[in-house]
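Next come the chains, spelled out residue by residue.
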Number of protein chains: 2
Amino acid sequence: MKKSAYSVAVVGATGLVGGEIIAALAERAFPVGDLQLYASLHTAGEEVSCGALTVRVAPLDGAHFADTDIVFFAAGEQVSAEWITRATEAGAIAIDTSPLLAEDPDVLLVVPEVNAADVSSYADRGVIVSPDAVAIALAVALKPLHDVATITRIVVSTFEPVSGAGRAGIEELQQQTVELMSGRSIESAVFPQRIAFNALPQIGVLLAGGRTRDEQTAVSALRRLLGDAELPVSITRVRAPLFYGTAVSVNIETATPLTAADARELLRVAPGVLVQDADDEQYPTPADAVGQDATFIGRIRDDESANVLDNTRKGAAVNAVQIAERLIRDYV
Amino acid sequence: MKKSAYSVAVVGATGLVGGEIIAALAERAFPVGDLQLYASLHTAGEEVSCGALTVRVAPLDGAHFADTDIVFFAAGEQVSAEWITRATEAGAIAIDTSPLLAEDPDVLLVVPEVNAADVSSYADRGVIVSPDAVAIALAVALKPLHDVATITRIVVSTFEPVSGAGRAGIEELQQQTVELMSGRSIESAVFPQRIAFNALPQIGVLLAGGRTRDEQTAVSALRRLLGDAELPVSITRVRAPLFYGTAVSVNIETATPLTAADARELLRVAPGVLVQDADDEQYPTPADAVGQDATFIGRIRDDESANVLDNTRKGAAVNAVQIAERLIRDYV
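Residues numbered from 1 in each chain as written. Chains lettered and ligands numbered in written order. Predicted model: local features only at pLDDT ≥ 70, side-chain atom pairs only at ≥ 80, totals over all residues. Heavy atoms only, no water.

1. What about the pattern of salt bridges?
Piece 1. Following the criterion strictly, the structure yields 28 salt bridges over all chains and no others.
Piece 2. One salt bridge in this structure joins Glu179(A) and Arg184(A), with 2.9 Å as the shortest N-O distance.
Piece 3. In this structure, the salt-bridge partner of Arg301(B) is Glu215(A), at a minimum N-O distance of 3.9 Å. Placement of the pair is Arg301(B) in strand 14 (residues 295–302) and Glu215(A) in helix 7 (residues 213–226), with the two residues belonging to separate chains.
Piece 4. Overall, the relative accessible area of 0% leaves Arg301(B) in the buried class.
Piece 5. Classification of Glu215(A) as buried rests on a relative accessible area of 0%.
Piece 6. One connected set of salt bridges, linked through shared partners, spans Asp132(A), Glu160(A) and Arg237(A). (Salt bridge = Lys/Arg side-chain N within 4 Å of Asp/Glu carboxyl O. Helix = DSSP H or I, 4+ residues; strand = E, 2+ residues; numbered from the N terminus. Buried < 20%, exposed > 50% of the residue type's maximum accessible area, 1.4 Å probe, protein only.)

2. Describing the environment of Ala13(B)
All names here are of chain B.
Piece 1. Looking at the element boundaries, alanine 13 is found in the loop between strand 1 (6–11) and helix 1 (16–27).
Piece 2. The spatial distance from the C-alpha of alanine 13 to the C-alpha of phenylalanine 72 is 9.2 Å, given a sequence separation of 59 residues.
Piece 3. Beyond its immediate stretch of four places on either side in the chain, alanine 13 contacts Gly18, Gly19, Ile22, Leu37 and Tyr38. (Contact = heavy atoms within 4.5 Å.)

3. Observations regarding the interface of chain B and chain A
Piece 1. Between chain B and chain A, the contact holds 61 residues from the first and 61 residues from the second.
Piece 2. Contact between chain B and chain A buries roughly 5,200 Å² in total, counting both sides, with carbon and sulfur atoms accounting for 56%.
Piece 3. Linking chain B to chain A there are eight salt bridges.
Piece 4. If you look at where chain B meets chain A, you find 28 residue pairs in polar contact (both at pLDDT 80 or more).
Piece 5. Contributions of two or more residues to the side of chain B that touches chain A are made by strand 10 (151–159), helix 6 (166–181), helix 7 (213–226), strand 11 (233–236), strand 12 (246–254), helix 9 (286–289), strand 14 and strand 15 (317–324) of chain B.
Piece 6. Looking at the side of chain B that touches chain A, its residues break down into 27 nonpolar, 18 polar and 16 charged. (Buried area = accessible area lost by both parts, 1.4 Å probe. Polar contact = N/O pair within 3.5 Å; in protein donor to acceptor, adjacent residues only side chain to side chain. Nonpolar A, V, L, I, M, F, W, Y, C, P; charged D, E, K, R; others polar.)

4. Thoughts on helix 8 (residues 260–268) of chain B
Piece 1. Among the residues making up helix 8 of chain B, those that are buried are Ala260(B), Ala263(B), Arg264(B) and Leu267(B). Viewed end-on, helix 8 of chain B has its buried residues packed into an arc of 100°, placing them on one side of the element. (Arc of directions from axis to C-beta.)

5. Observations regarding unusual backbone geometry
Piece 1. One non-glycine residue with positive phi stands out, namely Arg299(A), at about 50°.
Piece 2. Judged by its relative accessible area of 4%, Arg299(A) falls in the buried class.
Piece 3. Phi angles above zero are rare outside glycine, and Thr150(B) is one such case at about 55°.
Piece 4. As for its placement among the helices and strands, Thr150(B) is situated in the loop between helix 5 (133–149) and strand 10.

These figures capture arrangement, not role.
What follows is the structure, given as structure tokens:
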């Protein structure tokens, strides 16, 4: 599918992720010939600009995707479940940002810096999954290290923004913050408990065994992207009172020794990565990453316990903090 | 030193930690015979109540600690460095909440649930270190598991409140929050960067090698409390936009198999621990822990990678999220 311009549709065009996709299409000057924007009846009717184009958002119910090359799905899992097949049967490639198919081994899952080449070998129809910000940040940062030193163990905790729950999440943090600063009582609707000035150790529904769905899909995506289906990955995802920007604290162990200095050098030349790591208190924060495409990495250091790990674990261990903002990429 | 009432002094009585100590003395009906409160010239002169007692805060410069049994130090490292010896030379026991002596193997470091017995064997003079909230939360939660299954590896990320930086930290988060919600620009004075709606992966000064001082003292304290000077502990401490309540995400590996169910049962009967861990989205958050003495623990689960860890690591791995609020304990 090589054309001078493509017919593109965005499902969920009035949501946060949809808005990011539309902005990215414009910023990257993606050759959009024809743009269709869809949303629920509730928000359809708005006019949205994408570069020189201005398009009225149509209700999804009327979509048929005839002659559409690419359909971005950014309206959550239920809409993806209902509409992806209609898009692919009409001949379009569907790029899904929901977790619906993230664990399906038959569906391509792509982070351009990691496995962009897989896209070109892909058929001209079907579905591509775009994993969530945590899996992207981890894959982009860890792939260059894995290629050189073979990662054998990953332990992760996350600091995730309310924007992950869409506009309603942002509004809930705003509202609760104002109420608490005014000494008034607050209500929680989007999040299971108060999020303002708090931290909630739950992102995604809790599954039997105690993991959340989103923890499971992130582990699954990361294993696929690093090409090791049994890689020991342990992740705890926590919602923090941030509007935007996802931060990740990572500890890795490797089969081959890898010092923090090695890791720093490998990451400095890695695609999609920006190392901010110096002695004079230079490290990234989520606020720094907002609106940026790169995954920022700092506080790279040898695991303080690396030298006492027993002999069978003679590789190195490295800690780092990574920050990613990107909600979406263009893959085509 | 067994008396019906003690002569107690609090250095840093107008600060957050000092206030917590004074409140704890009253709440626990500690037998205070005589209470001296000290602060800098700047805040001396205030009247502070402790149960039935009301005491005017005196300038520290005039303190001599004659006939004082116990002096709590809650005014930071510099004040401790200057004044602890004067207190002990005057015959008092100094209980220091600063990191000054936390890594000194000759100084007793106590968390009552873990090693209270050490206090009784201690001489009637000298210094006792009270570690910070992170070391306390980890020690209280991990000691019962370590005793049964021998912990061989700990990886921790923290979510720490601005109250760790005292009243000035609280004021900075308040102020920055209001300014940002009003669309105005903000300034950072207490924290190295903006803390409102952000997360800062630095608590304590950065040392050579990339760790911070506070990460190092927490590792050191935890190793001492668990009785294993070489225990592999890796910790990343992060300041989050919370006012109070410290949350900790922990992954442990053990020498002897330990399931999440085992861990849950051990922790249910452990001192100082409150397990909040059920399928119906019951888990603690920092907001729940404010004003509570216990360390709350939830999201206890088997490490999703435990079954693929290689044979040399045949113990179990368990994840959990812990929340602690306590700034101070009474040890005597």
